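Understanding the architecture of this molecule
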Amino acid sequence: MGVQNESFLSKRLESVCARLRAHGHRVTPQRLAIMEFVFSSAQHPTAQQIYEALQARFPTMSLATVYKTLHLLEELEEVAVLGVEAEGARYDGAQPVPHAHLVCERCGAVVDAHEPAQQQDCLALVKKRGWLLRHWRLELLGLCPSCQSAPAQGQEPSTRADVAHAGGDQPY
Ligand SMILES: [Zn+2]
Ligand SMILES: [Zn+2]
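Predicted model, so just to flag it, every value in this text is computed and none were measured.

Counting its secondary structure elements, the chain contains six helices and five strands. In the chain, the succession of helices and strands from N to C terminus is α-α-α-α-β-β-β-β-α-β-α. Taken across its 172 residues, the chain has 34% of its residues classed as buried. A separation threshold of at least 6 residues defines the contact pool for the chain, and within that pool the share at least 24 residues apart is 53%. In the form shown here, the chain has an accessible surface area of approximately 10,900 Å², with 54% of it arising from carbon and sulfur atoms.

Now the structure itself:
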């Protein structure tokens, strides 16, 4: 299920470990496993999901360790934090380049929408306006194909007033 091939992943792990050490951080087996997981996942997992996925391998690892490692990786700009969802921040480490996301408001799916041309347009716009880009966040919210065809759960996909009358099962 990796989005990149293995040699790319191992090269990336090697270089990020070197960067962590250069910044005075230790690379523990837990940290390595967290990196490996987040760099190879296309699912944009939450810290909790990463923690649960690694429980069997590292039963004594705490959720705080996961957060701390993600925070370090965020500082090194090796993972991006997405501003989605009530259940916690989602972390994106699979594609260490700016890209947009399609976000399903019903099931919470987050899918990469990486269009290099659009990325160039956005970067050109930022430059043209004389801004300094510090974080990239481009999220397109809606319903994924399977949620569009699933019957409504009696729960509105969104609480926004302008779609409140659209009806739960009516595509828009
Ligand atoms: Zn969905
Ligand atoms: Zn992504």
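This is not the end of the story, as more comes after the structure.
The protein atoms that coordinate the zinc ion (ligand 1) are C104 (SG), C107 (SG), C144 (SG) and C147 (SG), at distances spanning 2.2 to 2.3 Å. The coordination sphere of the zinc ion (ligand 1) comprises four donor atoms, whose angles at the metal cover 105 to 114°; the geometry is tetrahedral. When the donor residues of the zinc ion (ligand 1) are listed from N- to C-terminus, their spacing reads C-x2-C-x36-C-x2-C. Of the two residues, C104 sits in strand β3 (residues 100-104) while C147 sits in helix α6 (residues 145-149), which places them 43 residues apart along the sequence. Given the relative accessible area of 2%, C104 is considered buried. Residue class for C147 comes out buried when judged on its relative accessible area of 9%.

Time to look at the coordination of the zinc ion (ligand 2). Those donors, H44 (NE2), D92 (OD), H99 (NE2), H101 (NE2) and D112 (OD), are the protein atoms that reach the zinc ion (ligand 2), and they lie 1.8 to 2.2 Å from it. Between the donor residues of the zinc ion (ligand 2), the gaps in sequence give the motif H-x47-D-x6-H-x1-H-x10-D. Comparing D92 with H101 shows no difference in burial state: the two are buried.

Where helix α3 (residues 47-54) contacts helix α4 (residues 63-75), the axes come no closer than 9 Å and their chain directions differ by 120°. Comparing the axis directions of α3 and α4 gives the class oblique. The two elements α3 and α4 cross, and the hand of that crossing is right-handed. Contact residues: α3 offers A47, Q48, I50 and Y51, while α4 offers L63, V66, Y67 and L70. Grouping the constituent residues of the contact of α3 with α4 by class yields seven nonpolar, one polar and no charged.

On to the packing of helix α2 (residues 29-40) against α4. It is the contact of α2 with α4, at a shortest axis distance of 10 Å, that shows an interaxial angle of 65°. Looking at the two axes, α2 sits roughly perpendicular to α4. By crossing handedness, the relation of α2 to α4 is classed as right-handed. On α4, the residues that touch R31, I34, M35, V38 and F39 of α2 are T65, V66, K68, T69, L70, L72 and L73.

Quick look at the pattern of salt bridges now. A side chain of one charge can pair with a side chain of the opposite charge when the charged atoms of the two come close. For the structure shown, the criterion picks out two salt bridges. Close ionic contact of E78 with R19 constitutes a salt bridge, the shortest N to O distance being 2.7 Å. Within this pair, whereas E78 is found in the loop between α4 and β1 (80-82), its partner R19 is found in helix α1 (residues 6-22), the two being separated by 59 residues in sequence. Accessibility expressed as a relative area gives 10% for E78, which makes it buried. According to the relative accessible area criterion, R19 is partly exposed, its value standing at 32%.

What follows concerns α2. The first and last C-alpha atoms of α2 sit 16 Å apart over 12 residues, in line with the 16 Å expected at 1.5 Å per residue. R31, A33, I34, M35, V38 and F39 are the residues of α2 that are buried. Elements that come into contact with the buried residues of α2 comprise α1, α3, α4 and β2 (90-92).

Basis of the calculations
Residues numbered from 1 in each chain as written. Chains lettered and ligands numbered in written order. Predicted model: local features only at pLDDT ≥ 70, side-chain atom pairs only at ≥ 80, totals over all residues. Heavy atoms only, no water. Helix = DSSP H or I, 4+ residues; strand = E, 2+ residues; numbered from the N terminus. Buried < 20%, exposed > 50% of the residue type's maximum accessible area, 1.4 Å probe, protein only. Contact = heavy atoms within 4.5 Å. Areas by Shrake-Rupley, 256 points an atom, 1.4 Å probe, with all protein chains shown as cover. Donors = N, O, S within 2.8 Å, 3.2 Å for Na, K, Ca; no water. Tetrahedral: all angles 85-135°; square planar, octahedral: opposite > 155°, others 65-115°. Axes fitted to C-alpha atoms, helices over the stretch in contact; angles between N-to-C directions. Parallel < 35°, antiparallel > 145°, perpendicular 65-115°, else oblique. Left-handed = near helix turned anticlockwise from the far one by under 90°. Nonpolar A, V, L, I, M, F, W, Y, C, P; charged D, E, K, R; others polar. Salt bridge = Lys/Arg side-chain N within 4 Å of Asp/Glu carboxyl O. Expected span 1.5 Å × (residues − 1).

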